[in-house]
Amino acid sequence: MGQFLLIANWKMYKSLSQAQAFCRDFILLSRGIKKTKVVICPPFTALSTVNASLQNTGIKLGAQDLFWMEKGAYTGEISPVQLVDTGCSYVIVGHSERRQIIGETDKIINNKLKAAQKSGLIPVLCVGETLEERQNNKAEEIVRGQLLSALEGVSVTESNVVIAYEPIWAIGTGINASYQDALEMAGLIRQTLGKISNNKIAERIPLLYGGSVKTENFAAFLQGGLDGALVGGASLEADSFFNIVRLCENA
Ligand code: PGA
């Protein structure tokens, strides 16, 4: 499995029984997939259950967030070490919902990214502009700034980070960015990554698109330049998520 990476972000959805039912159905559907690496990011409450369901499959487990300390008096927080212990190999960092609703700053995101890597988790760093920023021609400046601050002091390689370009105006709105928009931003992201590592590494860092990805619009994104998707709404049902996997398998 390789070539494409599809990450399911379940956000704050699913009971334990719903999570188990998804895994049962999705594992059956996805038997024999070859070109697509799949990561499922359930809410914290379902990590253990999903981890148990995914044993002996090639499907990986990820978390949606983490705290940057390994242990201590941090009521309500979850450490990277605990995530590894629960079977996670990936963790989403800097999702726009956390930046906007919870108020996560670039500094917090930088701390979380470093802590994830230190524990051996692969951070999936989300970057993206608001509609207003795009309309004011600020999209590139914002995304470049988010990347540089999140990766400050980090030595990036093709296997220790994943970048997800998620324009905020496209998340959960039903309005996806065009392939052209995503490709232009992918170019800027790779160029920025090239400056902080080198072009060879930057070319190989997995770069995903996220924002209202569905079967109906994702085929257009598989023409090159992107390595997969971070999928919210369409990852909640085994059928709809598998249809996106199938697009990757057939690309
Ligand atoms: P969406 O969410 O696919 O529901 O737009 C994507 C995300 O927030 O990661």
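Look above for the structure.
Draft legend 1. Focus on the layout of surface pockets. Put simply, the largest pocket is a space of about 500 Å³. Considering the residues around the largest pocket, the lining is formed by 19 residues, among which Lys-11, Met-12, Gln-64, Asp-65 and Arg-98 are closest to the centre. The element contributing the most residues to the lining of the largest pocket is helix 4 (residues 96-102), with 4 residues. Class assignment of the residues belonging to the lining of the largest pocket gives a composition of 9 nonpolar, 5 polar and 5 charged. Every residue lining the second largest pocket is counted, 21 residues in all, and those nearest its centre are Lys-11, Gly-172, Ser-212, Gly-232 and Gly-233. Broken down by class, the residue content of the lining of the second largest pocket amounts to 8 nonpolar, 10 polar and 3 charged.

Draft legend 2. Up close: the side chain of Lys-112. Take Lys-112: it is sitting in helix 5 (residues 106-118). Looking at Lys-112, the relative accessible area reads 3%, which means it is buried. Residue contacts for Lys-112: discarding those within four places in its chain leaves Asp-65, Leu-66, Trp-68, Val-93, Arg-98 and Glu-104.

Draft legend 3. Examining the packing of aromatic side chains more closely. With the rule as written, the count across this model stands at 10 aromatic pairs. On the numbers, 6.2 Å between centres and 80 degrees between planes, the contact of Tyr-179 with Phe-221 is edge-to-face. Taken as a pair, Tyr-179 in helix 8 (residues 179-196) and Phe-221 in the loop between helix 10 (215-218) and strand 8 (228-231) lie far apart in primary sequence, 42 residues in all. Residues Tyr-179 and Phe-221 agree in their burial class; the two are buried. Consider the rings of Tyr-209 and Phe-221, whose centres lie 4.6 Å apart with planes at 20 degrees: the pair is stacked. Of this pair, Tyr-209 sits in strand 7 (residues 207-210) while Phe-221 sits in the loop between helix 10 and strand 8; the two residues are 12 residues apart in sequence, bridging distant segments of the chain. The residues Tyr-209 and Phe-221 share a single accessibility class, namely buried. Grouped by ring-pair contacts, the aromatic residues Trp-10, Phe-22, Phe-26, Phe-241 and Phe-242 constitute a single cluster.

Draft legend 4. Geometry of helix 8. For helix 8, with 18 residues, the first-to-last C-alpha span of 26 Å sits near the 26 Å given by 1.5 Å per residue. Among all positions in helix 8, only Tyr-179, Ala-182, Met-185, Ala-186, Leu-188, Ile-189, Arg-190, Thr-192, Leu-193 and Gly-194 are buried. Taken together, the buried residues of helix 8 touch strand 5 (122-127), helix 6 (131-135), helix 7 (139-150), strand 6 (162-165), helix 9 (199-204) and strand 7.

Draft legend 5. Geometry of unusual backbone geometry. A positive phi angle, near 50 degrees, is found at Lys-11, a position not held by glycine. Relative to the assigned elements, Lys-11 resides in the loop between strand 1 (4-9) and helix 1 (16-29). Backbone geometry at Asn-137 places phi at a positive 60 degrees, although glycine is not the residue there.

Draft legend 6. Representation of the side chain of Thr-36. Among the secondary structure elements, Thr-36 is positioned in strand 2 (residues 36-41). Exposure remark for Thr-36: the relative accessible area of 0% places this residue in the buried category. A polar contact is formed between the side chain of Thr-36 and the side chain of Glu-249, at a distance of 2.6 Å.

What counts and what doesn't
- Residues numbered from 1 in each chain as written.
- Predicted model: local features only at pLDDT ≥ 70, side-chain atom pairs only at ≥ 80, totals over all residues.
- Heavy atoms only, no water.
- 1 Å grid on protein atoms, 1.4 Å probe; cavity = no way out; pocket = protein on both sides within 12 Å on 5 of 7 lines; lining within 4 Å.
- Points joined across faces, edges and corners; volume = space filled by probe spheres on them.
- Helix = DSSP H or I, 4+ residues; strand = E, 2+ residues; numbered from the N terminus.
- Nonpolar A, V, L, I, M, F, W, Y, C, P; charged D, E, K, R; others polar.
- Buried < 20%, exposed > 50% of the residue type's maximum accessible area, 1.4 Å probe, protein only.
- Contact = heavy atoms within 4.5 Å.
- Phe/Tyr/Trp six-rings, centres within 6.5 Å; stacked < 30°, edge-to-face > 60°.
- Expected span 1.5 Å × (residues − 1).
- Polar contact = N/O pair within 3.5 Å; in protein donor to acceptor, adjacent residues only side chain to side chain.

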